[in-house]
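Chains, contacts and geometry: an overview
Single-letter residue listing:
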Amino acid sequence: FTVLFIYFTCISTVQTTDCLHLRDQCINAGNGCESVWNVVEDACNISVLGNRCEAEDTVGCNRIIQVLADEYQEFKNCACTTDDICSITTLLGKWCGINKDNVNMETKLQWSLSALSKQVYTTNRSCLDVNRECIEDEVCNKQLSLYLKVCSVNKKCSVEGCQAAIRFFYRNMPFEVAQMMIFCDCIQHDESCHRAKELLHGKPCAVTVVPPPSCLNVIHMCEENDSCRKKYTTFQSKCWRHVTKTCYNDEACLETLIRDDMPCSANADCKAAYISTWGTMLHMECTCQNLPLVEQPLCELFHHMLHSKSCFN
């Protein structure tokens, strides 16, 4: 769940600078990068030789390259050791650069023209309706299709690659649209709606793990990852100020809290902080079963904070 941290640390250790070598390593890694690269090739219409890019959808091409460059940092400024292909931009062609500001500006401009982004968020939206509206909206549909390609379970699902795509997907859409998708729900027996919900929420690829980890392990793994820890700290401070202020990181103190004594702010900042945790290990399903009794209260507290959604009901 550390995305390719260990893998790229090894690459950095031997000071690998050849873009083509990085691409080959990515394809053969088997731990997330290859699934994103496959979508890059598809979205950017890369030739068999891998050195030409003839993308018809340059915006979509740029978006998925941004996922690659954001999540796998070695691709961002790689330089070749030969005179062949000397940067990721050259590798993918002049129409497929990775200028982050330009990509973000293009994305914002496209969303400004989207009818979906002009809707006012309302609670209790059906996930089936939200999914249909996204598919019918050209801008949303393009982003959704890239995300679903990475998170496809038809092939071997890459948890890390899917998590990266989910983070990118929700980070690059207006807050109102992200709310619509993340806080949608379904009545119990509406199977079509539940399938739509699974698509929008990254199930089963990035959420369901067998066997599910304990919620305590999820929190501890998150705290060992710089990016995840920052998101979790922000989520705590924006949504559960009572917990943060009273106990901070004191687990013994947290164990004494009763859920009913945990007011959640549920304001826009809280919702934004919660949305930012999607695509991290915090979003994975976890359990408190089979833990020692002494660890149950703290585990259930974390499960409540991360998964109950009572804060937003």
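The name given to the chain in an unreviewed UniProt entry is GFRAL protein, with the source organism recorded as Anthoscopus minutus. According to its UniProt record, the chain has this under Sequence similarities (unreviewed entry): "Belongs to the GDNFR family."

1. Examining the overall build of the chain
Scanning the chain from terminus to terminus reveals 17 helices and 0 strands. For the chain, buried positions account for 49% of its 313 residues. Summarising the internal contacts of the chain: among those between residues at least 6 apart in sequence, 71% fall at separations of at least 24. Taken as a whole, the chain presents about 15800 Å² of accessible surface, with 52% of it coming from carbon and sulfur.

2. Description of the state of the cysteines
Applying the stated criterion to the full structure yields 8 disulfides. There is a disulfide in this structure between Cys 134 and Cys 140, and the S-S distance comes to 2.0 Å. Between Cys 134 and Cys 140, the disulfide has an S-S torsion of -95° and is therefore left-handed. For the pair shown, Cys 134 and Cys 140 are each scored as buried. Each sulfur of the disulfide joining Cys 222 and Cys 228 lies 2.1 Å from the other. In this structure the cystine formed by Cys 222 and Cys 228 twists about its S-S bond by roughly -105°; its chirality is therefore left-handed. Neither Cys 222 nor Cys 228 differs from the other in exposure class; each is buried.

3. Examining the packing of aromatic side chains
Counting across every chain of the model gives 7 aromatic pairs. With a centroid separation of 4.9 Å and 70° between ring planes, the pair formed by Phe 169 and Tyr 170 is classed as edge-to-face. Assessed through its relative accessible area of 2%, Phe 169 is described here as buried. On the basis of relative accessible area, Tyr 170 is assigned to the buried category, the value being 5%. The interplanar angle of 45° and the centroid separation of 6.0 Å between the aromatic rings of Phe 235 and Tyr 274 together place this pair among those described as tilted. Of this pair, Phe 235 sits in helix 13 (residues 226–239) while Tyr 274 sits in helix 16 (residues 268–276); the two residues are 39 residues apart in sequence, bridging distant segments of the chain. Owing to a relative accessible area of 2%, Phe 235 belongs among the buried residues under this scheme. Aromatic rings pair up to connect Tyr 121, Tyr 147, Phe 169, Tyr 170, Phe 183, Phe 235, Tyr 274 and Trp 278 into one cluster.

4. Here we look at helix 11 (residues 191–200)
Those residues of helix 11 that fall on the buried side of the exposure criterion are Cys 193, Ala 196 and Leu 200. One side of helix 11 holds all its buried residues, which, seen down the axis, span an arc of 60°. Turning to helix 11, the residues buried within the fold contact helix 7 (127–136), helix 8 (138–150), helix 9 (159–171) and helix 10 (175–182). Looking one or two places after helix 11, you find Gly 202, whose phi comes out positive at around 80°.

5. A closer look at the environment of Asn 217
Residue position: Asn 217 is located in helix 12 (residues 215–223). With relative accessibility at 44%, the residue Asn 217 sits in the partly exposed group. Taking the C-alpha atoms as reference points, Asn 217 and Cys 286, 69 residues apart in sequence, are found 8.8 Å from one another.

6. Considering the packing of helix 7 against helix 11
At a closest axis distance of 7 Å, the pairing of helix 7 and helix 11 adopts a crossing angle of 55°. Considering their axes alone, helix 7 and helix 11 lie oblique with respect to each other. Judged by the twist between their axes, the crossing of helix 7 over helix 11 is left-handed. Taken together, the residues of helix 11 that come into contact with helix 7 (itself represented by Cys 127, Leu 128, Val 130 and Asn 131) are Ser 192, Cys 193, Ala 196, Lys 197 and Leu 200.

7. Remarks on the side chain of Gln 179
Within the secondary structure, Gln 179 sits in helix 10. Residue classification places Gln 179 among the buried residues on the basis of a relative accessible area of 4%. For Gln 179, the side chain forms a polar contact with the side chain of Lys 271, separated by 3.2 Å.

8. Considerations on unusual backbone geometry
Of note, the amide linkage connecting Lys 203 to Pro 204 takes the cis form, showing an omega dihedral of -10°. Along the polypeptide, Pro 204 turns up in the loop between helix 11 and helix 12. Residue Pro 211 is bonded to the preceding Val 210 through a cis peptide linkage, with omega at -10°. Inspection of the secondary structure puts Pro 211 in the loop between helix 11 and helix 12. With a phi angle near 65°, Asn 290 is a residue other than glycine that sits in the positive phi range.

Rules of the game
Along each chain, numbering runs from 1 in the same order as the chain's sequence is written. Where totals are concerned, whole chains, interfaces and linings use all residues; where local detail is concerned, this predicted model gives features only for residues with pLDDT of at least 70, and gives and counts side-chain atom pairs only at 80 or more. The side-chain numbers reported here are obtained from all heavy atoms of the structure, hydrogens and water having been left aside. UniProt positions are given in the numbering used here, feature names are shortened, and annotations may be inferred rather than shown by experiment. Numbering of helices and strands runs from the N terminus; a helix is a DSSP stretch of H or I covering at least four residues, while a strand is a stretch of E covering at least two. Using a 1.4 Å probe on the protein chains alone, a residue whose accessible area is under 20% of its type maximum counts as buried, one over 50% counts as exposed, and one in between counts as partly exposed. In this analysis, two residues are considered to be in contact whenever any of their non-hydrogen atoms come within 4.5 Å of each other. Note that accessible areas follow from Shrake-Rupley with a 1.4 Å probe, and for residues the cover is restricted to the protein chains shown. Any pair of cysteine sulfurs within 2.5 Å is marked as a disulfide. Each Phe, Tyr or Trp ring, with Trp reduced to its six-membered ring, pairs with another whose centre is within 6.5 Å; inter-plane angles below 30 degrees give stacked pairs, above 60 give edge-to-face pairs, and intermediate values give tilted ones. The arc under discussion is defined with respect to the helix axis, by the directions toward the C-beta atoms. Axes here mean lines fitted to C-alpha atoms, for a helix over just the part in contact, with angles spanning 0 to 180 degrees between N-to-C directions. For classification purposes, angles smaller than 35 degrees are called roughly parallel, those larger than 145 roughly antiparallel, those between 65 and 115 roughly perpendicular, and all remaining angles oblique. For any pair of crossing helices, the crossing counts as left-handed if the nearer helix is rotated counterclockwise from the farther one by less than a right angle, and right-handed if it is rotated clockwise. Nitrogen and oxygen atoms within 3.5 Å of one another constitute a polar contact, given that in protein one can donate a hydrogen and the other can accept it, and given that sequence-neighbouring residues count only through two side-chain atoms.

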